[in-house]
Amino acid sequence: MFPLYRADQVRAMDRRAIEQWGIPALELMTRAGAAAWALLQAQWPQARRIGVACGPGNNGGDGYVLARLAREAGFEVHVVSAPGGHPRRDPARAALAAWREAGGRVESFDGMLPEVDVWVDAIYGIGLSRPPSDAVRALIERINASRRPVLSLDVPSGLDADRGHAPGVVVQARTTLSFIAAKQGLYTGHARDVDGDVRLDRLGLPPVDTDQDPPSAWLVRDKDLSAWLAPRHANAHKGEHGHVLCIGGEVGMGGAVRLCAEAALRTGVGLASVATRSAGVAALVAARPEAMTHAVEDAGALAPLLERASVLAVGPGLGQGAWGRELLAASVATGKPVVLDADALNLLAMHPARVPQAVLTPHPGEAGRLLGLSTAEVQADRFSAAAAMAARYEAVVVLKGAGSVVAAPGRIPVVIGAGNPGMATGGMGDVLSGVVASLLAQGLPAFEAAVAGALLHATAGDAAARVDGERGLLPSDLFPHLRRLANPA
């Protein structure tokens, strides 16, 4: 797993490099500018005209270093000072002086921008948590309107590096180069719309020691799947791999519980059962005979199925009527591991209760209902929202969305570094419920099952999107990829 940090933690690392390791601040700035210049040349080798927008902080100083290096290499370089952008600190002042000594000049932004091939965004660094001023907002809007690729230094200007939220206008970067350590906000929520391809350069510092600097979050990516999906031994039998009971499928919503059950099977559960309305049994048996399907009209009929199952998945197509309420209550009362999604979450929001045996898998709207917040408030700080749900319900939480966040009481949150916009379609959450329940049934602890399940689900979505594109992606398109990815080489 890859460590992520808040802005204050990165500042502390920067101070340590200066005060304990004796690396001057200007040297770190020079390294940052040089790293960014090397990346720009590699990313856009045909570019000859470089625009650099510099702000008043050290981020602007990084931009002045890059501008000087580009000019010395024979490129046409235009440096535009953000309104109020004269350097405030000695390292940035020194970088500006070196730029001017090299023959460069600084243009004040007057509402127009020069024609360039690439823009470098060095306006704001990692400390911004407010909307840009009106004057800077106009500069950012002009950069975005230029339709030229943008390399942002550390974070796209206007983005909150801790929350991944933009309180105002934000630079639309093609590539973002972070320095020293990865910032947690770049990997979730709105940040995924604006930060493009995110890179990290340690500026020659030693690798991060996570014992000395515990991360604020971890990032997991497709290559991490094998950590949780060990090969099976040759003498394995179905009883070793658990029994998931999927509960849902109110009249007219039987497809949801079918997706859940098939996802559990494709991810390797030993047995999968379905408890659903009588009207949906025949169709489900015909579509997926491997799922043992039972007509259940009340909690009494559900009881023997609950007894046999090792893990429950409740919510896909459950509805919010009397039937759904009764089956949810009976399921939670067993104390067995349970994945709650969809209408199970909506019912829980109506009658909040601690469910320490549960994994909750809300999308932002459901998360808002669970917390009594708006969807926008959830999305403005996804880390805090996930932590608040975990604390309130004493459960593991997968807050779905771009860069899903997995949280649990006493655990460092995990960001899922996979998934794509094509997965924003009805039924994807039903598949996720089945995947997480399957991994729970196969013996993973709840937090690990949530992380591995969300990562497996998102990685399968990426694999499916590579076949025919994101638009039009169906939840069932994930099934062959789930099976393949659940068996890493």
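Above this text you will find the structure in question.
These lines cover the structure that appears in this document, whether it is placed above or below. (Residues numbered from 1 in each chain as written. Predicted model: local features only at pLDDT ≥ 70, side-chain atom pairs only at ≥ 80, totals over all residues. Heavy atoms only, no water.)

### Side note on the packing of helix α9 (residues 299–308) against helix α10 (residues 322–333)
Here's step 1: It is the contact of α9 with α10, at a shortest axis distance of 10 Å, that shows an interaxial angle of 35°. When you trace α9 past α10, the crossing you get is right-handed. Along the contact surface, α9 presents Ala 299, Leu 302 and Leu 306, while α10 presents Glu 326, Leu 327, Ala 330 and Ser 331.
Here's step 2: Of the residues contributing to the contact of α9 with α10, the split by class is five nonpolar, one polar and one charged. (Axes fitted to C-alpha atoms, helices over the stretch in contact; angles between N-to-C directions. Helix = DSSP H or I, 4+ residues; strand = E, 2+ residues; numbered from the N terminus. Left-handed = near helix turned anticlockwise from the far one by under 90°. Contact = heavy atoms within 4.5 Å. Nonpolar A, V, L, I, M, F, W, Y, C, P; charged D, E, K, R; others polar.)

### Here we look at the sheet that holds strand β17 (residues 405–407)
Here's step 1: Taken in spatial order, the 11 strands make up an open sheet running β1-β9-β18-β17-β16-β15-β14-β13-β10-β11-β12, and their pairing is mixed. Sheet topology places β1 (2–4) and β12 (292–295) at the edges, where each strand pairs with a single neighbour. Going from strand to strand, the sheet's axes swing by 20° on average, the running direction of each strand aside.
Here's step 2: Pairing between strand β10 (residues 243–247) and strand β13 (residues 311–314): four bridges, direction parallel. (Pairing = 2+ DSSP bridges.)

### Quick look at the nonpolar core
Here's step 1: Formed by 98 residues in total, the largest nonpolar core has its most connected members in Leu 302, Leu 340 and Leu 360.
Here's step 2: Among the elements that take part in this core, helix α2 (residues 25–43) stands out by supplying eight residues, more than any other.
Here's step 3: In this view, Leu 340 contacts Val 314, Leu 328, Leu 345, Leu 348, Ala 358, Val 359, Leu 360 and Thr 361; residues no more than four positions away in its chain are not counted.
Here's step 4: By size, the runner-up hydrophobic cluster in this structure holds 57 residues, among which are Val 269, Val 406, Ala 437 and Leu 473. (Core = buried A, V, L, I, M, F, W, Y, C linked by side-chain atoms within 4.5 Å. Buried < 20%, exposed > 50% of the residue type's maximum accessible area, 1.4 Å probe, protein only.)

### Focus on helix α12 (residues 364–371)
Every α-helix winds through 3.6 residues per turn, so residues three or four apart in the chain are directed the same way.
Here's step 1: Extensive coverage of α12 is indicated by the burial of seven of its eight residues.
Here's step 2: At its buried positions, α12 is contacted by α11 (343–350), α13 (375–380), α14 (382–393) and β16 (396–399).
Here's step 3: Positive backbone phi, approximately 70°, marks Gly 372, located one or two places after α12.

### Quick word on the environment of Glu 394
Here's step 1: When you line up the elements, Glu 394 lands in the loop between α14 and β16.
Here's step 2: Take Glu 394: its relative accessible area is 38%, and that puts it in the partly exposed class.
Here's step 3: Separated by 37 residues in the primary sequence, Glu 394 and Gln 357 have C-alpha atoms spaced 8.4 Å apart.

### Quick notes on a positive patch on the surface
Here's step 1: A cluster of basic side chains, namely Arg 11, Arg 15, Arg 88, Arg 89 and Arg 130, defines a positive patch on the protein surface.
Here's step 2: Within the secondary structure layout, Arg 11 lies in helix α1 (residues 7–19). (Patch = residues over 30% accessible without salt bridge, like charges linked within 9 Å, V, L, I, M, F, W, Y side chains within 5 Å. Areas by Shrake-Rupley, 256 points an atom, 1.4 Å probe, with all protein chains shown as cover. Salt bridge = Lys/Arg side-chain N within 4 Å of Asp/Glu carboxyl O. Lys, Arg positive; Asp, Glu negative; His and termini not counted. Charge placed at Lys NZ, Arg CZ, Asp CG, Glu CD.)

### Concerning the pattern of salt bridges
Here's step 1: As enumerated under the stated definition, the model contains 23 salt bridges in all.
Here's step 2: Ionic pairing is found between Arg 6 and Asp 8, a salt bridge with its closest N-O pair at 3.2 Å.
Here's step 3: By relative accessible area, which is 33% here, Arg 6 ends up partly exposed.
Here's step 4: A relative accessible area of 39% means that Asp 8 is categorised as partly exposed.
Here's step 5: For the salt bridge of Arg 288 with Glu 262, the shortest nitrogen-to-oxygen distance reads 3.2 Å. Residue Arg 288 is located in the loop between α8 (281–287) and β12, and its partner Glu 262 is located in helix α7 (residues 254–266); the two are separated by 26 residues in the primary sequence.

### Here's the deal with the sheet that holds strand β3 (residues 76–81)
Here's step 1: Pairing is parallel across the open sheet formed by seven strands, whose spatial order is β4-β3-β2-β5-β6-β7-β8. Whereas interior strands pair on both sides, the edge strands pair on one side only; in this sheet they are β4 (106–108) and β8 (197–201). Across the sheet, the mean angle separating the axes of adjacent strands is 25° when strand polarity is ignored.
Here's step 2: Sheet topology places strand β7 (residues 175–179) next to β8; five bridges connect them, and they run parallel. Bridge assignment links Ser 178 to a residue of β8, and that residue is Leu 200.

### A closer look at the side chain of Ser 81
Here's step 1: As for its placement among the helices and strands, Ser 81 is situated in strand β3.
Here's step 2: Setting aside residues no more than four positions away along its own chain, Ser 81 makes contact with Cys 54, His 86, Val 106, Glu 107, Ser 108 and Phe 109.

### Description of the packing of aromatic side chains
Here's step 1: Tallied over the entire structure, the rule returns one aromatic pair.
Here's step 2: Between the aromatic rings of Trp 37 and Phe 75, the centroid separation amounts to 5.0 Å while the plane-to-plane angle is 90°, which identifies the pairing as edge-to-face. In this pair, Trp 37 sits in helix α2 while Phe 75 sits in the loop between α3 (58–72) and β3, placing the two residues 38 residues apart along the sequence. Exposure class is identical for Trp 37 and Phe 75. Each is buried.
Here's step 3: One residue, Arg 221, lies across the ring of Phe 2, its end atom 4.7 Å from the ring centre. (Phe/Tyr/Trp six-rings, centres within 6.5 Å; stacked < 30°, edge-to-face > 60°. Lys NZ or Arg CZ within 6 Å of the ring centre and 35° of its normal.)

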